[in-house]
Amino acid sequence: MNKKIWLSSPHMSGKEIKYIQEAFNSNWIAPLGPNVTEFENTMQIYLGENNFVAALSSGTAAIHLGLILAGVSQGDEVLCQTFTFSASANPVVYQGATPVFIDSEADTFNMCPKTLEVAIIDRIAKGKKPKAIIVVDSYGMPAKWDEIAAIAKKYSLFLIEDAASALGSTFKNQKCGTFGDIGILSFNGNKIITTSGGGALVAKTWEIKDKAVFFATQSRDNAPHYQHSEIGYNYRMSNIVAGIGRGQMEVLDEHVTLRRAMHDFYVNYFKDIQGVTVFSEPNTDYYSNHWLSAILVNPEQTGGKTREDLRLAMDAANIESRPLWKPMHLQPIFANDPYYGGTISESLFQNGLCLPSCSNLTSEDRDRIKVALDAFFLK
Ligand SMILES: *Cc1c(COP(=O)(O)O)cnc(C)c1O
């Protein structure tokens, strides 16, 4: 059997081991130490001025702390993009709050600003103003940040950017992760850079970052003994894991280039295939890291071939692919939560497929992908 081609697998540079070795040599194995500080500094320099980064154990933990910093608590409502991974919405429930799901628009697959405003007005009319908004940069594609930020400002709503998969993407030359009051990043094993598992919270002031670190390290008051005035969490990144992050930051730009090359490969392949569109930037304001390349398959134009037929054909060739996100408002666990919008995210799920996008795919891998696609579309 030929080797499996993955959707998105870790891609080490070889530089990570040096920082891990340093941590062992100096016995900095604890969840603090020079790798954590340096990883945060490198990330801050990368994101630009006035961004303060707290390295955490996961992107999910970062969203949870973001909601706590937004003051979200029991009985509150949080507006959340429905087209996303469940980790965007779960922390709303950790806080005892209710997610209110918002549909996407077709240009970026991200939260529709018009539907967002309709929802805000309706929730206020129903007697409760939402506390915060969680917007995602799906598969690396920046959301419509101008419009969304304007709405958040108009209604004084705390804005959280879930840029878990969008490190290296920009909108109007501003880096993803920096658009909200709080941004979050993920370094999970499948992301554009990985620390095996990890995440970060991006704050706008040093004080807010400091508060995030305080919560992430069990909310210890300043005292020689263990003293606590607030509920704490164990969400800090370890110094070993941060060593992987330091090595990965050295190859982030290269990973973006390689992922974008995979996207170009698909654009080039599908230009001659009827009924398939490759998810691409709507205009030059948007620059996606193309973390995952995605296509939409319209069976009315492919002679009845569906995205599920394609997924099974790829699977038979030992090539991984995955349907686009099933929207949160269609998930059993969120079925009773409010939803605003139409069927855009639903049809993205129905017709969309993510294809192998790793930065470490070889030209042989690409040949195999091409052969499998040819066998499916040209037969
Ligand atoms: C990966 C991901 C997360 C969760 O990040 P973890 O580090 O795995 O906790 C959240 N939101 C989106 C959109 C993601 O892709």
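Residues numbered from 1 in each chain as written. Predicted model: local features only at pLDDT ≥ 70, side-chain atom pairs only at ≥ 80, totals over all residues. Heavy atoms only, no water.

Q: Explain the overall build of the protein chain to me, using residue names and the numbers behind them.
A: Assigned secondary structure in the protein chain consists of 12 helices and 15 strands. A principal-axis box enclosing the C-alpha atoms of the protein chain has dimensions of 75 × 60 × 35 Å. Here the protein chain, with 379 residues, has 55% of them falling under the buried criterion. Here the protein chain displays about 16,100 Å² of accessible surface, and carbon together with sulfur accounts for 53% of that area. Positive and negative side-chain charges of the protein chain, numbering 34 and 40 respectively, have mean locations separated by a distance of 2 Å. (Helix = DSSP H or I, 4+ residues; strand = E, 2+ residues; numbered from the N terminus. Buried < 20%, exposed > 50% of the residue type's maximum accessible area, 1.4 Å probe, protein only. Areas by Shrake-Rupley, 256 points an atom, 1.4 Å probe, with all protein chains shown as cover. Lys, Arg positive; Asp, Glu negative; His and termini not counted. Charge placed at Lys NZ, Arg CZ, Asp CG, Glu CD.)

Q: Now, about the domain arrangement of the protein chain: what can you tell me, with residues and values included?
A: Parsing the protein chain into structural domains produces domain 1 (16–251) and domain 2 (253–377). Every contact between the two is made by 47 residues of domain 1 and, on the other side, 36 residues of domain 2. Counting across the domain 1 and domain 2 interface gives 0 salt bridges. For the pair domain 1 and domain 2, the interface holds 24 residue pairs in polar contact (both at pLDDT 80 or more). Within the residue set of the side of domain 1 that touches domain 2, elements represented by two or more residues are α4 (90–94), β3 (98–102), α5 (113–125) and β6 (170–171). Sort the elements by how many residues they give to the side of domain 1 that touches domain 2 and β3 lands first, with 5 residues. Its residues assigned to classes, the side of domain 1 that touches domain 2 shows 22 nonpolar, 16 polar and 9 charged. (Domains from an automatic or database assignment. Contact = heavy atoms within 4.5 Å. Salt bridge = Lys/Arg side-chain N within 4 Å of Asp/Glu carboxyl O. Polar contact = N/O pair within 3.5 Å; in protein donor to acceptor, adjacent residues only side chain to side chain. Nonpolar A, V, L, I, M, F, W, Y, C, P; charged D, E, K, R; others polar.)

Q: I'd like a rundown of the pairing of strand β9 (residues 199–203), residues and numbers included.
A: Along any regular strand the residues' side chains alternate between the sheet's two faces. For β9, the tally of buried residues reaches 5 of 5 residues, placing the bulk of the element in the interior. Across the two faces of β9 the burial is the same, with Gly199, Leu201 and Ala203 and Ala200 and Val202 all buried. With 5 bridges connecting them, strand β1 (residues 52–56) and β9 associate as antiparallel partners. Counted as the bridge partner of Phe52 is Ala203 from β9. (Pairing = 2+ DSSP bridges.)

Q: Please provide a residue-by-residue account of the side chain of Ser104, values included.
A: By secondary structure assignment, the location of Ser104 is in the loop between β3 and α5. Classification of Ser104 as buried rests on a relative accessible area of 3%. Among the polar contacts made by the side chain of Ser104, one reaches the main-chain carbonyl oxygen of Phe109 at a distance of 2.7 Å. Ser104 has contacts with Gln81, Phe83, Phe109, Asn110, Met111, Cys112, Ile344 and Ser345, leaving out every residue within four places of it along the chain.

Q: Lay out the pattern of salt bridges with the relevant residues and their values.
A: In total, this model carries 17 salt bridges according to the counting rule given. Residue Lys211 is joined to Glu230 by a salt bridge in which the shortest nitrogen-to-oxygen separation is 2.9 Å. Taken together, the residues Lys211 in helix α7 (residues 206–216) and Glu230 in the loop between α7 and α8 (239–249) connect sequence positions 19 residues apart. With relative accessibility at 35%, the residue Glu230 sits in the partly exposed group.

Q: Any chance you could break down the site of the ligand for me, citing the residues and the numbers?
A: The environment of the ligand is made up of 14 residues, and the closest members are Gly59, Thr60, Asp162, Ser186 and Lys191. In the environment of the ligand, an oxygen atom lies 2.5 Å from a nitrogen or oxygen atom belonging to the side chain of Thr60. Between the ligand and the protein, one listed contact pairs an oxygen atom with a side-chain N or O atom of Ser186 at 2.7 Å. (Near = heavy atom within 4 Å.)

Q: Quick rundown of the pairing of strand β12 (residues 293–297)? Include the residues and the values.
A: Here β12 lies mainly inside the structure; 4 of its 5 residues are buried. Direction of pairing for strand β10 (residues 276–278) relative to β12: antiparallel, over a ladder of 3 bridges. Its bridge partner lying in β12, Val278 is registered against Ile295.

Q: Give a description of helix α10 (residues 307–316) that names residues and reports values.
A: Along α10, the residues classified as buried are Arg307, Leu310 and Met314. Projected down its long axis, α10 shows its buried positions confined to an angular sector of 55 degrees, all on one face. Residues of α10 that are buried in the fold lie against β12, β13 (322–323), α11 (344–351), β15 (352–355) and α12 (363–377). Where α10 terminates, the next one or two residues include Asn318, which has phi positive at roughly 65 degrees. (Arc of directions from axis to C-beta.)

Q: Talk me through the sheet that holds β12; I want residue IDs and the actual numbers.
A: Strand order in the open sheet made by the 4 strands is β10-β12-β15-β13, with antiparallel pairing throughout. Here the strands that pair on one side only, and so sit at the sheet edges, are β10 and β13. Contacting β12, β13 and β15, α11 crosses the sheet at an angle of about 55 degrees to β15. (Axes fitted to C-alpha atoms, helices over the stretch in contact; angles between N-to-C directions.)

Q: Now, about the sheet that holds strand β2 (residues 77–81): what can you tell me, with residues and values included?
A: Across the sheet, 8 strands lie side by side as β1-β9-β8-β5-β4-β2-β3-β14; this open sheet has mixed pairing. In this open sheet, the two strands that pair with only one neighbour each are β1 and β14 (339–340). In this sheet, strand β5 (residues 158–162) lies alongside strand β4 (residues 132–136) in parallel orientation, the contact comprising 5 bridges. Paired with Val136 across the bridge in β5 is Asp162. With respect to the sheet, helix α2 (residues 34–47) is in contact with β1, β8 (182–186) and β9, its orientation differing from that of β1 by roughly 135 degrees. On the sheet, α7 packs against β1, β8 and β9 and is oriented at approximately 10 degrees with respect to β1.

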